[in-house]
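The residues making up each chain are set out below.
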Amino acid sequence: MNAALVTDVMLRSLGPYPLHLADSEDRFYGNRLIYTSWENHLMYAAPFCLPLPPTLPFGALVRVVLPEIYGEHPEFEQIDWERTQWFNSQVRFRPDFGKSLEHHGLTHKSLIRFRTPALEGIKRSTAPGRQAF
Amino acid sequence: MDTRVVKKKLGLKDRYTAMTRGLHWDTTYQPMDKVFPYDAFEGIKIHDWDKWEDPFRLTMDAYWKYQGEKDRKLYAVIDAFAQNNGQLGISDARYVNALKLFIQGVTPLEYYAHRGYAHVGRQFTGAGARVASQLQAIDELRHYQTETHAISHYNKYFNGMHNTSHWNENIWYLSVPKSFFEDAYSGGPFEFLTAISFSFEYLLTNLLFVPFMSGAAHNGDISTVTFGFSAQSDESRHMTLGIECIKFMLEQDPDNVPIVQRWMDKWFWRGYRLLTLVAMMQDYMLPKRVMSWKEAWEMYAESNGGALFKDLARYGIREPKGWKDACAGKDHISHQAWATFYQYGHAAAFHTWLPEQSEMNWLSEKYPDTFDRYYKGRFDHWAEVQKTDGRWFNQTLPMLCQVCQVPMMFTVPGDPTQIDFHETTYHGMKHHFCSVHCKGIFDDEPKKYVQAWMPVHQIYQGSCYPDDINPASPGDSPVREVLRYYGVNPGEDNGDFSTSPDRSNFAKWRGDKRKPGAAT
């Protein structure tokens with residue numbers, strides 16, 4: 001990413017300013033933070049933050065974790081996981097449900113965005129007065 | 001005859017000089033820059049402190065007299081309000097939730113401001129700036145006290161106000177104002193004045209105070225209105241300090257211009273993000289509305305701010321980077337915020353509710369381009385769910401912006417259907433931001449923001465559980481344990497207003513037979 005661009009040139013202080021990464025991975029009891037965002041579905045006001053084991057199979061994320069956190073959305077049942085598009089932040093990836101989060105390069109504090117194209121058209125296709133949320 | 005001794009009395013101007021700059025001396029045992037190290041390290045160059053125009057000619061003796069009179073009047077009103085059971089005269093018990101937000105989120109900022117001004121009131125080399133800051137430090141401490149006293153009356157009758165200091169240090173949404181102020185007062189003194197005196201007090205304060213105080217007036221809360229009047233005259237002094245400090249820095253050295261510009265970019269945006277809470281309060285929490293957030297923004301930010309930045313252009317200052325995005329946000333942020341608080345209303349320390357039909361109509365009318373199109377559907381859906389399955393709460397903790405600490409609920413400028421995502425990798429770790437402007441603030445000083453106390457991350461680290469909970473396995477309901485640690489009583493201090501003791505008590509006290517949640 002753009003780590004090389006980020007420096008502390010603007011930071012001024014009177015004395016030494018030690019680095020303190022408040023959310024380093026070792027503080028989460030073997031889990032890492034993973035953020036999830038179901039694109040275009042803003043009934044959930046913000047993406048979620050979850051502590052998950054890096055060894056969690058991607059299939060378990062989809063079959064166990066996601067239903068728990070998104071299951072109340074009226075469209076959740078209709079999701080076609082075969083057609084779902086997955087992104088690690090901006091970068092598209094094709095998940096292997098048998099392999100771990102780690103295997104997919106989902107490091108600590110990675111953001112998983114998923115797009116469910118079959119449900120994209122709801123804004124136009126539903127009855128007047130209804131809208132996507 | 002005795003010779004009459006003419007008592008030499010100083011004129012106002014001389015007395016002022018004697019009581020401010022006359023108290024200053026240059027140190028000789030130690031070099032001045034060792035005694036005053038703080039006002040140099042930020043890179044601001046000051047050549048002549050005598051050019052500092054004292055923004056208000058107030059000395060300590062006059063201050064005591066004047067403020068003493070004001071406080072006597074204020075406390076007379078607060079007493080009368082209490083003796084007459086003024087709490088029964090408010091429009092609707094929902095209104096008290098605006099006061100809860102105020103005592104939880106704003107009042108602690110007064111105390112932070114007190115500490116910040118007390119600090120810079122010691123650190124400036126120039127006596128004029130020191131005295132101005134010291135007086136403001138006392139103002140802020142008074143405001144903290146008078147707000148606490150004015151609102152404490154409500155604490156006897158309503159839930160959600162009994163533990164506000166602890167909450168301010170722990171609860172997720174209160175980390176927004178808290179981190180804002182900690183960011184400001186951990187900067188140097190010039191940045192602090194740019195942040196608080198200029199960006200917050202000069203540019204944005206009307207957007208904080210007018211909604212709360214006229215909201216109080218419209219909703220029958222005379223106690224809070226009187227506090228507002230009492231604070232108002234102090235606020236105008238504070239605003240003058242803000243603009244004086246900016247002009248002084250800009251006139252002292254051209255090298256100061258880019259530093260001041262960067263601070264303005266940063267602090268305008270941080271202040272704007274903080275005001276999201278006010279926007280929500282104004283559009284959703286006042287049973288009797290004053291004006292919409294959008295109208296307030298147009299009146300107090302767009303017209304005043306536009307003139308201000310035209311005025312500052314001669315110094316080479318342009319409007320803050322986030323200005324246009326903030327203006328575009330006026331159609332959205334209050335709805336996005338209330339939708340967030342509605343669904344996390346079981347994890348807050350005040351009540352939330354769905355707008356009534358008349359209020360939905362008001363929102364549609366005030367936000368003709370956005371409310372029906374983007375936001376009404378969510379509220380309609382939740383209303384249906386509430387009827388059939390019961391009140392819905394979102395049980396999963398949200399992702400937060402690393403800088404403003406607001407949940408990542410803001411959408412892409414120009415596309416209200418997409419969350420705005422930005423990220424940076426620093427020391428091998430990703431950090432996420434709600435906007436290009438929060439990212440810009442981080443990228444300038446990443447080492448400062450990676451130490452942020454992010455409430456959601458802290459919960460997962462185990463910092464917000466009672467002692468009897470193992471943070472590695474907090475049981476079946478981590479939220480319940482976190483609330484226990486916060487000292488928030490589920491259902492009493494939070495949850496839906498319609499089922500709250502606040503609602504039923506208020507109805508009982510007033511002999512009100514109307515349906516739950518009905519406004520007067």
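Novice: Would you mind going over the overall build of chain A in detail, with residue names and values included?
Specialist: A count of helical and extended segments in chain A gives 2 helices and 5 strands. Taken from N to C terminus, the helices and strands of chain A fall in the order β-β-α-β-β-β-α.

Novice: Give a detailed account of the overall build of chain B, specifying residues and quantitative values.
Specialist: The number of helices and strands found in chain B is 21 helices and 4 strands. For chain B, whose C-alpha radius of gyration is 24 Å, the value lies close to the compact-globule estimate of 24 Å for 520 residues. With the principal axes as the frame, chain B shows a C-alpha extent of 90 × 70 × 50 Å. Looking at the 520 residues of chain B, the share that counts as buried comes to 49%.

Novice: Could you give me a rundown of the sheet that holds strand β2 (residues 48–52) of chain A, with the residues and numbers involved?
Specialist: All names here are of chain A. Sheet architecture is open: 5 strands sit in the order β2-β1-β5-β3-β4, paired in mixed fashion. Each end of this open sheet is capped by a strand with a single partner; those strands are β2 and β4 (91–93). Adjacent strand axes in the sheet meet at a mean angle of 35 degrees, parallel and antiparallel pairs treated alike. Bridge analysis of strand β1 (residues 32–38) against strand β5 (residues 110–115) gives 5 bridges, and the strand direction is parallel. Paired with T36 across the bridge in β5 is I112.

Novice: Tell me about the confidence of the model for chain B, residues and numbers included.
Specialist: Looking at chain B as a whole, its pLDDT mean stands at 93, while 97% of the residues score no less than 70. Across the interface, the model reports ipTM at 0.93; the global pTM reads 0.94.

Novice: Got a sec to walk through the interface of chain B and chain A? Specific residues and values, please.
Specialist: On the side of chain A, 41 residues touch chain B, which itself brings 48 residues to the contact. Going through the elements one at a time, α14 (333–343), α16 (371–388), β2 (415–419), β3 (422–426), β4 (429–433), α17 (436–444), α18 (446–449) and α19 (455–461) of chain B are the ones with two or more residues in the side of chain B that touches chain A. Residue composition of the side of chain B that touches chain A, grouped by class: 23 nonpolar, 16 polar and 9 charged.

Novice: Go over the pairing of strand β3 (residues 85–88) of chain A, please, and point to the residues and values.
Specialist: All names here are of chain A. Where β3 and β5 come together, 4 bridges link them in antiparallel fashion. In the strand pairing of β5, W86 is matched with F114. For β3 and β4, the ladder comprises 3 bridges, and the chain directions are antiparallel. Bridge pairing in β4 places N88 opposite V91. As consecutive antiparallel partners, β3 and β4 are separated by 2 residues, and within that stretch S89 has a phi angle of approximately 55 degrees, a positive value.

Novice: Give a description of the pairing of β1(A) that names residues and reports values.
Specialist: Residues and elements named next belong to chain A. The buried fraction of β1 is high, at 7 of 7 residues. Along β1, one buried face is formed by R32, I34, T36 and W38 and the opposite face, lined by L33, Y35 and S37, is buried too. Judged from the 5 bridges that link them, β1 and β2 form a sheet pairing that is antiparallel. The residue of β2 that forms the bridge with R32 is L52.

Novice: An account of the packing of helix α4 (residues 96–123) of chain B against helix α7 (residues 175–185) of chain B is requested, with residue identities and associated values reported.
Specialist: Residues and elements named next belong to chain B. It is the contact of α4 with α7, at a shortest axis distance of 10 Å, that shows an interaxial angle of 5 degrees. Here α4 lies roughly parallel to α7, going by the angle between them. Residue-level inspection shows G105, V106, L109, Y112, R115, G116 and H119 of α4 in contact with α7, the latter providing P177, F181, A184 and Y185. Looking at side-chain class alone, the contact of α4 with α7 contains 7 nonpolar, 3 polar and 1 charged residues.

Novice: Could you give an account of the nonpolar core, naming the residues involved and the relevant values?
Specialist: Within soluble globular proteins, side chains that are nonpolar generally end up buried alongside one another. Residues and elements named next belong to chain B. In this structure, L275, L277, M280, C401 and C438 are the most contacted members of the largest nonpolar core, which totals 158 residues. The biggest single contributor to this core is helix α8 (residues 189–218), with 15 residues. Beyond its immediate stretch of four places on either side in the chain, L277 contacts L101, G105, V176 and A337.

Novice: Give me helix α11 (residues 276–285) of chain B: which residues, what numbers.
Specialist: Within α11(B), 10 of the 10 residues are buried, leaving the element largely enclosed by the surrounding structure. Among the residues of α11(B), T276(B), L277(B), V278(B), A279(B), M280(B), M281(B), Q282(B), D283(B), Y284(B) and M285(B) are the ones counted as buried.

Novice: Describe unusual backbone geometry, listing the residues and the values that go with them.
Specialist: Phi at S89(A) is positive, roughly 55 degrees, even though this residue is not glycine. For S89(A), the position within the fold is in the loop between β3 and β4. We note that H427(B) has phi near 50 degrees; this positive angle belongs to a residue other than glycine. Within the secondary structure, H427(B) is located in the loop between β3 and β4.

Novice: Describe in detail the environment of T370(B), supporting the description with residues and values.
Specialist: Residues and elements named next belong to chain B. Residue position: T370 is located in the loop between α15 (357–366) and α16. Take T370: there are 18 C-beta atoms within 10 Å of it, and that puts it in the partly exposed class. Beyond its immediate chain neighbours, meaning those up to four positions away, T370 contacts D331, H332, Y375 and P416.

Novice: Explain the environment of V403(B) to me, and be specific about the residues and the numbers.
Specialist: Residue and element names in this part refer to chain B. Position of V403 among the secondary structure elements: in the loop between α16 and β1 (411–412). With 30 C-beta atoms counted inside 10 Å, the residue V403 sits in the buried group. The sequence separation of V403 and A62 amounts to 341 residues, and the corresponding C-alpha distance is 41 Å. Residues within four places of V403 in sequence aside, it is in contact with F433, C438, I441, F442 and Y449.

Novice: Quick one: what's the story with the packing of helix α10 (residues 256–274) of chain B against α17(B), residue by residue and with numbers?
Specialist: When two helices pack together, their arrangement is given by the angle between their axes and by how far apart the axes lie. Residues and elements named next belong to chain B. Contact pair α10 / α17: the axes reach a minimum separation of 10 Å and the direction vectors enclose 130 degrees. Our classification of the angle between α10 and α17 gives oblique. Relative to α17, α10 is oriented so that their crossing is left-handed. Residues R262, K266 and W269 of α10 touch α17, and the partners they reach there are H437, C438, I441 and D444. Each residue belonging to the contact of α10 with α17 can be placed in one class, and the counts come to 3 nonpolar, 1 polar and 3 charged.

Novice: So what about the environment of W509(B)? Which residues, and what values?
Specialist: Residue and element names in this part refer to chain B. Position of W509 relative to the elements: it lies in helix α21 (residues 501–510). Taking the number of C-beta atoms within 10 Å as the measure of exposure, W509 has 13 and is therefore partly exposed. Separated by 106 residues in the primary sequence, W509 and V403 place their C-alpha atoms 44 Å from one another.

Novice: A description of the confidence of the model for chain A should follow, citing residues and the corresponding values.
Specialist: Residues and elements named next belong to chain A. Summarising the model, chain A shows a mean pLDDT of 87, and 83% of its residues fall at 70 or more. In the predicted structure, residues 1–5 sits below a pLDDT of 50 and forms 5 contacts with residues beyond four places in sequence or in another chain. Within the model, pLDDT remains below 50 along residues 121–130, and this stretch shows 4 contacts once partners closer than five positions in the same chain are excluded.

Each value, and the rule that gives it
- Residues numbered from 1 in each chain as written.
- Chains lettered and ligands numbered in written order.
- Predicted model: local features only at pLDDT ≥ 70, side-chain atom pairs only at ≥ 80, totals over all residues.
- Helix = DSSP H or I, 4+ residues; strand = E, 2+ residues; numbered from the N terminus.
- Rg over C-alpha atoms; globule rule 2.2 N^0.38 Å.
- Buried ≥ 20, exposed ≤ 12 C-beta atoms within 10 Å, placed from the backbone.
- Pairing = 2+ DSSP bridges.
- Axes fitted to C-alpha atoms, helices over the stretch in contact; angles between N-to-C directions.
- pLDDT = per-residue confidence, 0-100.
- Contact = placed C-beta atoms within 7 Å.
- Nonpolar A, V, L, I, M, F, W, Y, C, P; charged D, E, K, R; others polar.
- Parallel < 35°, antiparallel > 145°, perpendicular 65-115°, else oblique.
- Core = buried A, V, L, I, M, F, W, Y, C linked by C-beta atoms within 7 Å.
- Left-handed = near helix turned anticlockwise from the far one by under 90°.

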